[in-house]
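Below, each chain spelled out in residue letters.
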Amino acid sequence: MTPAEIPNLIDGEARPAASGAWLDTRRPADGTALCRLARSATADVDAAVAAARTAQRTWAERTVVARGDLLRELALALRDRREEASAIVAEETGKPLDLARGETDAAVEMGLFVAGEGRRYHGRTTTASMPHRTVFTLRRPVGVAGLIISFNTPLPNVAWKVFPALLCGNGAVLKPSEEAPASAFFFAELAHEVGLPPGVLNVVQGTGPEAGAALVEHPDVDLVSFTGSAATGRWINERAGARLAKVCLELGGKNALVVCDDADLENAVRWVVASAFSNAGQRCASASRLVVFDAVADEVRGRLLEEARAVDPQPVISEAALERILGEVQRAVSRGATVLCGGERLDRPGYHLAPTIVEGVALDDDLSRVELFGPVATLTSVAGLDEALAVVNDSPYGLTAAIHTASVHRALRFAEQAEAGVVVVNAGTHGSEPHMGFGGVKQSGTGWKEAGVEALDVYSDTRYVNIVADPSLT
Ligand code: NAD
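Note that the structure is predicted; figures quoted are calculated from it, not measured. (Residues numbered from 1 in each chain as written. Predicted model: local features only at pLDDT ≥ 70, side-chain atom pairs only at ≥ 80, totals over all residues. Heavy atoms only, no water.)

Extensive coverage of strand β17 (residues 376–382) is indicated by the burial of 6 of its 7 residues. In this sheet, β17 lies alongside strand β14 (residues 287–293) in parallel orientation, the contact comprising 5 bridges. Looking at β17, one finds that Arg289 is bridged to Thr378. Two strands pair when backbone bridges link them, and strand β16 (residues 356–359) and β17 are joined in this way by 4 bridges, in the parallel orientation. Pairing of Thr356 across the sheet is with Val376, part of β17. (Buried < 20%, exposed > 50% of the residue type's maximum accessible area, 1.4 Å probe, protein only. Helix = DSSP H or I, 4+ residues; strand = E, 2+ residues; numbered from the N terminus. Pairing = 2+ DSSP bridges.)

Below is the structure:
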């Protein structure tokens, strides 16, 4: 069960905010009070960064294999405590326990994958124009990493950043979302239980503008790695960029899923519903733009409405999120769009919104362009693949895109021409597995990939070493 109080974890110690202030959270499933979290500010961030700086030096002296071994123990401990961890995730996000268990498993898998990278951690050797010179690369830690994450899949969000950051020998200060503080605290306590030295991983709870901004602006934070909205990412890029810190941004999406006239429609509609409505649409990879060929539009619409109405809805994270999402739908309707299903709050406790499909939305309308992070998708019909690609690419975002087709030609053309970091054929718009790099183009990110071996490039710097072993030969 979620503890009543979620403090900070600084230098291995659970501490309230220096100011003594707290924030309250609620259960999205029924709106009742859940817990209070430390409302941290600059003083708490200063203490956490100082602890990370000190601990990092000794942590980085361990071999990367030894660091990986400890991270494997952490992943296995999380697997042992699966039920407890999943219950906290389910309670603080409102998602069903089964889905939370799947997310705990995903966090464990990420830990096991990253731990194994401790035994690879490859560099390069290369040639040199000068004789008798040997050249190779070494990966070095970046230093102190500020890790700021969203609420939507709280444990995988922690795992995607903390495991590679620590493997690479950094000290870390994690700022979880104020809307899902408990899972991150659970993870960090577990890390200390399995023997992570105090100060290597610190957690500072609180709001973005207070705790988050203090971390971004701290002069001793060498790397800011952020997962969240494009608006916050833009601000972070400006502020951390101004002091030339390394900045990795994993941002939002307005992901398109295309259904061609040669698709297996049963399979396509099943994936549309899962992609648009699972986790109440609170997935960066969620399909929020459905693009269907004219020839099958009526049939897809009919099947889709039937399946969307049968979805058991999950709550969105807060009352404010629910009102924002419904407001955007209502504004689109006032501009001429038609709600085919949903578009309203459900008559039950908590923050439940009916799965919503909206048709007749102009391509330049906010509903086509702004990420809602809720269970809402627009439906647009197109004449063929050229028009579908034009619609898919007419977006400020470029995270994921999917196409359903039986044609290899259409699939490959889509893979080449859809502007997205991940392309899927005949399945849903989804994130990646631990060994696959994930990240978007345009306003979905700044080119870094997380997960996969690509994450090692975020959390380490590559040093070229030149050795002339016998100077008498040169
Ligand atoms: P958000 O940007 O509101 O908040 C994300 C985090 O940033 C939170 O911890 C918040 O406290 C913090 N924050 C807010 N303002 C800040 C500031 N000024 N300085 C520092 N930190 C600040 O986003 P959210 O509502 O939590 O999450 C939803 C967004 O996250 C969506 O856009 C979604 O697509 C994106 N997301 C992206 C990925 C990905 O891998 N690309 C994964 C999950 C979520």
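Take the packing of aromatic side chains next. Taken as a whole, this structure holds 3 aromatic pairs when the rule is applied. For the ring pair Phe151 and Phe373, a centre distance of 5.8 Å and an interplane angle of 80° mean the geometry is edge-to-face. Separated by 222 residues along the polypeptide, Phe151 in the loop between β8 (144–148) and α5 (154–167) and Phe373 in the loop between α12 (366–369) and β17 bring together distant segments of the chain. Each of the two residues, Phe151 as well as Phe373, counts as buried. Here the basic side chain of Arg139 rests over the ring of Tyr121, its NZ or CZ set 5.6 Å away from the ring centre. (Phe/Tyr/Trp six-rings, centres within 6.5 Å; stacked < 30°, edge-to-face > 60°. Lys NZ or Arg CZ within 6 Å of the ring centre and 35° of its normal.)

All right, on to the packing of helix α9 (residues 265–277) against helix α10 (residues 294–309) then. Relative to each other, α9 and α10 sit at 50°, their axes nearing to 10 Å. When the interaxial angle is binned, α9 and α10 end up oblique. Considering only the axes of α9 and α10, their crossing is right-handed. Here Leu265, Glu266, Val269, Arg270, Val272, Val273 and Phe277 of α9 lie close against α10, whose contacting residues are Val296, Glu299, Val300, Arg303, Leu304, Glu307 and Ala308. For the contact of α9 with α10, a count of residues per class yields 9 nonpolar, no polar and 5 charged. (Axes fitted to C-alpha atoms, helices over the stretch in contact; angles between N-to-C directions. Parallel < 35°, antiparallel > 145°, perpendicular 65-115°, else oblique. Left-handed = near helix turned anticlockwise from the far one by under 90°. Contact = heavy atoms within 4.5 Å. Nonpolar A, V, L, I, M, F, W, Y, C, P; charged D, E, K, R; others polar.)

This brings us to the site of the ligand. Lining the immediate surroundings of the ligand are 27 residues, of which Lys175, Glu178, Ser229, Leu251 and Glu371 lie closest. Between Lys175 and the ligand, the recorded distance is 2.7 Å, taken from a side-chain N or O atom to an oxygen atom. Gly208 places a polar main-chain atom, nitrogen or oxygen, 3.2 Å from an oxygen atom of the ligand. Protein coverage of the free-state accessible area of the ligand, which is 850 Å², stands at 87%. Those elements that provide at least two residues to the shell around the ligand are α7 (208–217), β11 (223–227) and α8 (230–242). (Near = heavy atom within 4 Å. Polar contact = N/O pair within 3.5 Å; in protein donor to acceptor, adjacent residues only side chain to side chain. Areas by Shrake-Rupley, 256 points an atom, 1.4 Å probe, with all protein chains shown as cover.)

For the protein chain, the domain assignment lists domain 1 (5–251 + 445–463) and domain 2 (255–425). Of note, the centres of domain 1 and domain 2, computed from C-alpha atoms alone, are 31 Å apart. At the junction of the two partners, domain 1 supplies 21 residues and domain 2 supplies 17 residues. Carbon and sulfur atoms make up 60% of the area that domain 1 and domain 2 hide from each other, which totals about 1,300 Å². For domain 1, the biggest contributors to the area lost against domain 2 are Pro28, Phe151 and Asn152; these three give 34% of the whole. The tally of links from domain 1 across to domain 2 stands at 4 residue pairs in polar contact (both at pLDDT 80 or more). A breakdown of the residues in the side of domain 1 that touches domain 2 according to their chemical character gives 7 nonpolar, 6 polar and 8 charged. (Domains from an automatic or database assignment. Buried area = accessible area lost by both parts, 1.4 Å probe.)

Checked against the element boundaries, Ser40 lands in the loop between β5 (33–38) and α1 (42–61). A residue is classified by how much of its surface remains accessible, and Ser40, at 0% relative accessible area, is buried. A polar contact of 2.9 Å, which involves the side chain of Ser40, links it to the side chain of Asn8.

The strand order across the open sheet formed by 7 strands is β15-β16-β17-β14-β13-β19-β20, and the pairing between neighbours is mixed. Two strands lie at the open edges of the sheet, namely β15 (338–341) and β20 (422–425), each paired on one side alone. Adjacent strand axes in the sheet meet at a mean angle of 25° when their direction is disregarded. Bridge count between strand β13 (residues 255–259) and β14: 5 bridges; the pairing is parallel. Pairing of Ala256 across the sheet is with Arg289, part of β14. Contacts from α9 reach β13, β14, β16, β17 and β19 (400–404), with the element oriented near 165° to β13.

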